[in-house]
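Here's the letter readout for the chains.
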Amino acid sequence: MKDHVAADPLLQPYQLKHLTLKNRVMTTSHEPAYPEDGMPKARYRAYHEERAKGGVALAMTAGSAAVSRDSPPVFNNILAYRDEVVPWIRELTDSLHEHGCAAMIQLTHLGRRTNWNKGDWLPSISAGPDREPAHRAFPKMMEDWDIERVIEDYATAAERMQAGGMDGIEIQAYGHLMDQFWSPLSNKLTGPYGADTLENRLRFTTDVLAAVRKRVGPAFIVGIRYTADEVQAGGITVEEGIEISKLLRDTGQVDFLNVIRGRIHTDPAMTDVIPIQGMPSAPHLDFAGEVRRATGMPTFHAAKIQDVATARHAIASGLLDMVGMTRAHMADPHVVRKIVEGREHDIRPCVGANYCLDRIYQGGEALCIHNAATGRELSMPHVIEPGAERRKVVVVGAGPAGLEAARVASARGHEVVVFEAGSRAGGQVLLTARSKRRAEMMQIIDWRVAQCEAAGATLRYNLYAEASDVLDEKPDVVVIATGGMANTTLYEADAPDHVISAWDILSGDVKPSGSVLIYDEAGDHTGLQAAEMAVNAGCTVEIMTPDRTFAPEVMAMNLVPYMRNLQRDDVTFTVTKRLRGIEQVGNRLRARIGTDYSDKVGHCDYDHVVVNYGTTPLDELYHELRPASSNGGAVDQADLLNLRPQTVVRNTQGTFQLFRIGDAVSARNTHAAIYDALRLMVAV
């Protein structure tokens, strides 16, 4: 064993009951929304297997596998209440065990944290009548027969997981049905399960544990993930949480505690439980350590433990027994392998963008903002294989798309030259990172620059590439990744006079003052970042959109820090209003404002009007090079999607293949730009 492996706290084995975990790193339960028909089929299995290959010791699969029919999935969860799940669980378990990774699964009843208009359209149920703000369903208060039925559902689901070869289960309490019994804020029952005593509030949980143990026996590993402090007046306090932890221990039926701090009933509350970029790292780690010290129980925890140093500290300091690095493993599934191999510097960092979770909570599938292979393991590689022959690749533009193209081409063994007009790499990410809270986004760029340089790529800065510069390199492949420029054109109209772009604010080229209208048709981060900067400059700000909701591309958890900042300063949010035109009146700008819902038009005066309407491609160089290329810039989409080499020939006199990617094609987002580059270049 190498010395650094023997000395690293993260790499030491851990004995959990009869199960030996090969190191101290786990992925905690999360639902990437990959199941098909409620079953963890090939895509789901491949996702977890990649992390097992990468060396993780324990995969806690399934964010909230449902134990009952009246707990319908809110984000494509595994349906643990179906018998047909067992063979799929067996395939998943076997694939993880093949790589020395232990397999467990989280079971739950969502209670009020779901809706009645999903699945079988059964009423949602809870220990009280109040709806959860995030999911909006008014639940039925549970009757005795509901309680009895759900207890049996937990036991039967646990039995299915045992039959599927799982090493254990984790029962999910926080925010879900069990916690709705625990919390005085949600339990309105009377009688043996009522809110009058802590013993009564925990009775549903202890009854579930007893029923589960009766089915699976004493050897099977059973843990619980729960909140030991709701951080809200009237809720579970720290003192009560410690008492609950001890009561769980004293049942003798729980093998580990997975500790959470906070609530998840609203977007802001959930964002404090699962912090995103710009928020402190590992904010609840010391609290989890308090629970461990108070109970002496095996203790797991995860909450923005995204870097190896923090994870190592958690184990070395005795705060945790197993450390969860879940989003870190979405960014790089091979974290542990790289630690073992002495390649920590090579780990692709999680930047906390939370693209993964926000997509899930908006009904999508989990994707990583800067690892386009995550969730696509059946089609996209995490490790780039060498190409069949060495080629000369010229990339123009060192934003996310261009750098990913250069990284992949370099990893395939090609000779790579990157032209960048600016003095440093980054593209639009440089603007994003001007907001201190989003500075972590630069790691997307910095990691790729380091990868390119380590692989021998040449990056030339301060060079606004012209066609002659590209042709002088005698390339085999040219990739145009020049991005776009801010667009201030209004929908179905010309660009109005006197407006500025959100980029003008972010770059600092324009210092806003007075009253500012942020007119946002793109609905992405850029508009809200410009609004924050205007507020910080002391302006009176109105954010206006023609959509029925503002900033839909920002999504739930990323919206929270913006709203916390903007609502402190009484920013006005105006929806379903469309900017029709602008005229200058004295020293001010008069905006003509209409709506898509009627012919009514009004006017309002501002000192600045800022338009956020995406980008227009910087594609002049691409079009200039097309006549000299063999493919004329054309892409065979079938070959692209099947990761086959591009063979289109439209000009037999052409000497190189020409492609464009990212915003040089059309305004999209960082993930789309990186995915463009990855799936094109893996076949070059």
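In this text, all values refer to a predicted model and were calculated from it rather than measured experimentally.

Counting its regular elements, the protein chain contains 23 helices and 27 strands. For the protein chain, the spread of C-alpha atoms along the three principal axes comes to 75 × 65 × 45 Å. Burial statistics for the protein chain: of 684 residues in total, 60% are counted as buried. For the protein chain, contacts bridging at least 24 residues in sequence account for 71% of all contacts bridging at least 6. Taken together, the 72 basic and 88 acidic charged side chains of the protein chain have centroids lying 1 Å from each other.

The next point concerns the packing of helix H7 (residues 238–250) against helix H9 (residues 285–295). Viewed as axis vectors pointing N to C, H7 and H9 meet at an angle of 45 degrees, and their least axial separation amounts to 10 Å. One finds that H7 runs oblique with respect to H9. As H7 packs across H9, the resulting crossing turns out to be right-handed. Contact with H7, carried on its side by Val238, Ile242, Ser245, Lys246 and Arg249, involves Phe287, Glu290, Val291, Ala294 and Thr295 of H9 and no other residues of that element. Looking at side-chain class alone, the contact of H7 with H9 contains five nonpolar, two polar and three charged residues.

On to the pattern of salt bridges, then. Per the stated rule, a full pass over the model turns up 44 salt bridges. The partner of Arg69 in a salt bridge is Asp120, and the shortest N-O contact between them spans 2.8 Å. One end of the pair, Arg69, is in the loop between strand E4 (58–66) and helix H3 (85–97); the other, Asp120, is in the loop between strand E5 (102–108) and strand E6 (125–126), with 51 residues separating them in the sequence. The salt bridge involving Glu473 is made with Arg460; its shortest N-O contact spans 2.6 Å. Placement of Glu473 in the loop between helix H17 (467–472) and strand E16 (477–480) and of Arg460 in strand E15 (residues 458–460) is noted, with a sequence separation of 13 residues between them. Look at Arg460 and you get partly exposed, because its relative accessible area is 31%. Connected via shared salt-bridge partners are Asp70, Lys140, Glu143, Asp146, Arg149 and Asp153.

Mapped onto this numbering, the UniProt entry gives "domain: FAD/NAD(P)-binding" (unreviewed entry) at residues 392–634. As annotated, residues 392–634 comprises 30% helix and 28% strand, and the C-alpha atoms at either end are separated by 19 Å.

The subject of this paragraph is the packing of aromatic side chains. The tally for this structure, following the rule as stated, stands at nine aromatic pairs. Judged by centre distance (5.2 Å) and plane angle (80 degrees), the ring pair of Tyr34 and Tyr47 falls under edge-to-face. Of this pair, Tyr34 sits in the loop between strand E3 (25–27) and helix H2 (42–53) while Tyr47 sits in helix H2, and the two are 13 residues apart along the sequence. Across this residue pair, the class does not change: Tyr34 and Tyr47 are buried.

What follows deals with the sheet that holds strand E25 (residues 608–612). Ordered by their spatial adjacency, five strands build an open sheet running E18-E25-E19-E20-E21, and the pairing between neighbours is parallel. Looking at which strands have only one partner, the edges of the open sheet turn out to be strand E18 (500–501) and strand E21 (572–574). When strand E19 (residues 515–520) meets E25, the two strands line up parallel, connected through five bridges. Bridge pairing in E25 places Tyr519 opposite Val611.

Once that is clear, we can look at the pairing of strand E24 (residues 598–606). Pairing of strand E23 (residues 588–595) with E24 involves six bridges; the strand directions are antiparallel. Paired with Thr595 across the bridge in E24 is Ser598. Hairpin connection between E23 and E24: a loop of two residues separates the two successive antiparallel strands.

Per the counting criterion, the structure on display carries four cavities of 30 Å³ or more. Considering only enclosed or pocket space, the largest cavity measures out at about 490 Å³ in volume. In this structure, the largest cavity is lined by 34 residues; those nearest its centre are Ser29, His30, Arg225, Ile274 and Leu357. The dominant element in the lining of the largest cavity, judged by the number of residues it contributes, is helix H11 (residues 326–331), at four residues. For the lining of the largest cavity, a count of residues per class yields 17 nonpolar, twelve polar and five charged.

Turning our eyes to something else, we now look at unusual backbone geometry. One non-glycine residue, Trp121, adopts positive backbone phi at about 55 degrees. By relative accessible area, which is 57% here, Trp121 ends up exposed. Positive phi values are uncommon outside glycine, yet Lys304 reaches one of about 50 degrees. Structurally, the position occupied by Lys304 is in the loop between strand E11 (299–301) and helix H10 (308–316). For Lys304, a relative accessible area of 6% corresponds to the buried category.

A separate point is the packing of helix H14 (residues 400–411) against helix H23 (residues 670–681). Interhelical geometry of H14 versus H23 gives an angle of 25 degrees and a closest axis separation of 8 Å. Taken together, the axis directions place H14 and H23 in an arrangement best described as roughly parallel. Our pair here, H14 against H23, has a crossing hand that is right-handed. Contact residues: H14 offers Pro400, Ala401, Glu404, Ala405, Arg407, Val408 and Ala409, while H23 offers Thr670, Ala673, Ile674, Ala677, Leu678 and Met681.

Conventions and cut-offs
Residues numbered from 1 in each chain as written. Predicted model: local features only at pLDDT ≥ 70, side-chain atom pairs only at ≥ 80, totals over all residues. Heavy atoms only, no water. Helix = DSSP H or I, 4+ residues; strand = E, 2+ residues; numbered from the N terminus. Buried < 20%, exposed > 50% of the residue type's maximum accessible area, 1.4 Å probe, protein only. Contact = heavy atoms within 4.5 Å. Lys, Arg positive; Asp, Glu negative; His and termini not counted. Charge placed at Lys NZ, Arg CZ, Asp CG, Glu CD. Axes fitted to C-alpha atoms, helices over the stretch in contact; angles between N-to-C directions. Parallel < 35°, antiparallel > 145°, perpendicular 65-115°, else oblique. Left-handed = near helix turned anticlockwise from the far one by under 90°. Nonpolar A, V, L, I, M, F, W, Y, C, P; charged D, E, K, R; others polar. Salt bridge = Lys/Arg side-chain N within 4 Å of Asp/Glu carboxyl O. UniProt positions renumbered as here; feature names shortened; annotations may be inferred. Phe/Tyr/Trp six-rings, centres within 6.5 Å; stacked < 30°, edge-to-face > 60°. Pairing = 2+ DSSP bridges. 1 Å grid on protein atoms, 1.4 Å probe; cavity = no way out; pocket = protein on both sides within 12 Å on 5 of 7 lines; lining within 4 Å. Points joined across faces, edges and corners; volume = space filled by probe spheres on them.

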